[in-house]
Amino acid sequence: METWSVDQVCSWLVENNLGELVHRFQEEEVSGAALLALNDRMVQQLVKKIGHQAVLMDLIDKYKQNSQGLKCPGSPGEPARMMPARAAPERNAKHVLARDKALQWTRSYVLPEFPYDVKCMLAEQKCPDHSMRIRIIEFLQADMTKYLNGSLYPSTQLYNDVVNSLLQTHPFLDEDGCGFFLWKRALKDRFKYVRRPIEDDEQVMRNKCKFGHRRGQRRKSLTDLRCDEIQIVQIKEEAVCLDAEMDEHINWLQQEYVKTEKNWREIDNRMSQTLEIRRKLIDSRTPRKDILKMFPFLKCPYQMFKEFQLLTRTDIYKKTRHILESYSENILTSFSVVDNPINIALREKMNQYTDEDMLKYMKMTATCLLLPDVFGDDPSLFVVMNEKVQVSTPVLEVKNPFNINVCEFSLYLEKERLTKVDDCVTALAALIAAFHVFRIKCPRRLSQTLNFLETLIFDMHNPYFSSVKEKEKKVGLRHPVI
């Protein structure tokens, strides 16, 4: 083989069912001597398919072993340093026979003969470094592919068998008892890495098409991912515009929104008909500004409450009013807010009025504003008074809270005013509804307050927020009898 020409090497490839590699070997002018000098890295660069890589390396190894076995000890063609290796072919043959027998009779996996440097490390029972781990994983992956006759899709059972065999043979590799999962994950990642650039393997391409991959895909950068997100949004918007009926609904809603006298019955009808596409846009993280531009009536508390009710089958306004009325006395007398400036301002205002409805309204307003303080949350994420809105999540802006004639509540979303209302019940209900309607994650520093409200709104007790009841006991809150 050492004296073979490139054409002879190509003929040898055809004889061993590797005819697909002929063109590539001709391009690289691989002669017999070059073929025998190939190492693992060269083969990976020369041959794309991992199955062909495994078969080619196996054929080269067999030729080298047979060549060594035919040479006589001390012959001129064999250097002295090679003499101790004469037993290697016999040892390898025994290993292969044992392995084939095990696979044939027990269907279990027997580890292959690792390269010399890997065997030395395993013999010394040293913890492998990163590069050595990669060597082991690469060798196991190549051997598994050979075992699967070139397939790059091992079964879960085969992954388990390979890793179990590795750790049973070399227990020191099972670090902290988590080695099984780490080695299995590394093997799976290696197969994914090998499959990623392949464009001419029928099984790989079939699976890529089945699971949504594209031909010749590569690992995407953050910029690519952002561009894809923008493109997805554009495609969805174009799809909406191409749908004549949906386009007509959106145009009508946009025109109706600027009118002084609105046809609320028709608005309800069209908002209901566009609910499905609207929810898909929101779930796909379409920018909220674009959604509000297409469906401007989501800015109206009434439509926000209706959308909330369609999603949860709950009357958010009714539930919110009940909460503020039922808990106002307990919250206003709790220890944590007794000296709060809002509570002090409330008591001063209450001394100026005797009307029961007015006093009830002021108490409910103060209750709404003091909720975060009661539960130890950050008030700036809930309500802003006489300051500029600094957060992107839904937040209330309040002006003149205890003056029923000029009181003003505004709901802000992404630092822009979404809607303006005149009472605390509508404002608080709109705040809670906005988190659900627009699929906004609750800020961690406001979680206790919103969990308390949602527990009462949905008549549930969430085990993940058991601290709510502890907070209630601490501040003296009691669930009223309904």
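Scope of this entry: the structure provided in the associated data block. (Residues numbered from 1 in each chain as written. Predicted model: local features only at pLDDT ≥ 70, side-chain atom pairs only at ≥ 80, totals over all residues. Heavy atoms only, no water.)

Here's the deal with the overall build of the chain
1) Next: Of the regular secondary structure elements, the chain holds 23 helices and four strands.
2) Next: In the chain, of all internal contacts separated by at least 6 residues, the share reaching a separation of at least 24 is 57%.
3) Next: Per element, the accessible surface of the chain, about 28,200 Å² overall, is 51% carbon and sulfur. (Helix = DSSP H or I, 4+ residues; strand = E, 2+ residues; numbered from the N terminus. Contact = heavy atoms within 4.5 Å. Areas by Shrake-Rupley, 256 points an atom, 1.4 Å probe, with all protein chains shown as cover.)

Description of the nonpolar core
1) Next: Counting 76 residues, the largest nonpolar core has Phe409, Leu428, Phe438 and Leu453 as the members making the most contacts within it.
2) Next: Not counting residues within four places of it along the chain, the set of residues in contact with phenylalanine 438 comprises Ile282, Arg288, Leu292, Leu298, Leu413 and Leu418.
3) Next: Core analysis: the next-biggest nonpolar cluster, separate from the first, contains 26 residues, Leu152, Val162, Leu167 and Val194 among them. (Core = buried A, V, L, I, M, F, W, Y, C linked by side-chain atoms within 4.5 Å. Buried < 20%, exposed > 50% of the residue type's maximum accessible area, 1.4 Å probe, protein only.)

Topic: the layout of surface pockets
1) Next: In this structure, the second largest pocket encloses a volume near 510 Å³.
2) Next: Considering the residues around the second largest pocket, the lining is formed by 21 residues, among which Gln44, Val47, Lys48, Lys49 and Gln53 are closest to the centre.
3) Next: Residue assignment for the lining of the second largest pocket shows that the elements contributing at least two residues are helix H4 (40–46), helix H5 (50–70) and helix H10 (179–195).
4) Next: Per-element tally for the lining of the second largest pocket: the top contributor is H4, with four residues.
5) Next: Residue classes in the lining of the second largest pocket are distributed as eight nonpolar, four polar and nine charged. (1 Å grid on protein atoms, 1.4 Å probe; cavity = no way out; pocket = protein on both sides within 12 Å on 5 of 7 lines; lining within 4 Å. Points joined across faces, edges and corners; volume = space filled by probe spheres on them. Nonpolar A, V, L, I, M, F, W, Y, C, P; charged D, E, K, R; others polar.)

Things to note about the state of the cysteines
Working definition: the covalent bond between the sulfur atoms of two cysteines is a disulfide.
1) Next: Under the counting rule described, the total for this entry stands at zero disulfides.
2) Next: Of all cysteine sulfurs in the structure, the one in cysteine 424 sits closest to cysteine 407, which takes part in no disulfide; the separation is 7.6 Å.
3) Next: The buried category is assigned to cysteine 407, whose relative accessible area is 6%. (Disulfide = S-S within 2.5 Å.)

A closer look at unusual backbone geometry
1) Next: The backbone phi angle of asparagine 400 is positive, close to 50 degrees, even though this residue is not glycine.
2) Next: Considering the arrangement of structural elements, one finds asparagine 400 in the loop between strand E2 (395–399) and strand E3 (408–413).
3) Next: When its relative accessible area of 44% is taken as the criterion, asparagine 400 is described as partly exposed.
4) Next: Positive phi, normally seen in glycine, also occurs at lysine 415, with a value near 65 degrees.
5) Next: In this structure, lysine 415 sits in the loop between E3 and strand E4 (416–421).

A word on the pattern of salt bridges
1) Next: According to the stated counting rule, one finds 23 salt bridges in the structure shown.
2) Next: For glutamate 307, the salt bridge identified is with arginine 278, shortest N-O distance 2.9 Å. Here glutamate 307 is found in helix H17 (residues 301–312), whereas its partner arginine 278 is found in helix H15 (residues 275–283), with 29 residues between them in sequence. With respect to class, glutamate 307 is no different from arginine 278; both count as buried.
3) Next: Linking arginine 417 and glutamate 408 is a salt bridge whose minimum nitrogen-to-oxygen distance equals 3.8 Å.
4) Next: A relative accessible area of 42% places arginine 417 in the partly exposed class.
5) Next: On the basis of relative accessible area, glutamate 408 is assigned to the buried category, the value being 19%.
6) Next: The network of salt bridges with common partners includes Glu397, Glu408, Arg417 and Lys420. (Salt bridge = Lys/Arg side-chain N within 4 Å of Asp/Glu carboxyl O.)

Notes on the environment of valine 338
1) Next: Position of valine 338 among the secondary structure elements: in the loop between helix H18 (316–332) and helix H19 (341–350).
2) Next: In this structure valine 338 comes out as partly exposed when scored by relative accessible area, which is 31%.
3) Next: Excluding residues that lie within four positions of it along the chain, valine 338 makes contacts with Thr333, Asn343, Ile344 and Arg347.

Overview of the pairing of E4
1) Next: Here E3 runs beside E4; their pairing, made up of five bridges, is antiparallel. The residue of E4 that forms the bridge with leucine 413 is glutamate 416.
2) Next: Count of turn residues in the E3/E4 antiparallel hairpin: two residues, of which glutamate 414 carries a positive phi of about 55 degrees. (Pairing = 2+ DSSP bridges.)

Section: the environment of isoleucine 440
1) Next: Mapping isoleucine 440 onto the fold places it in the loop between helix H21 (424–437) and helix H22 (447–457).
2) Next: On the basis of relative accessible area, isoleucine 440 is assigned to the buried category, the value being 13%.
3) Next: Separated by 158 residues in the primary sequence, isoleucine 440 and isoleucine 282 have C-alpha atoms spaced 9.9 Å apart.
4) Next: Ignoring anything within four residues of it in the chain, the contact list for isoleucine 440 reads Arg288, Thr393, Pro394, Leu413, Ala434 and Phe435.

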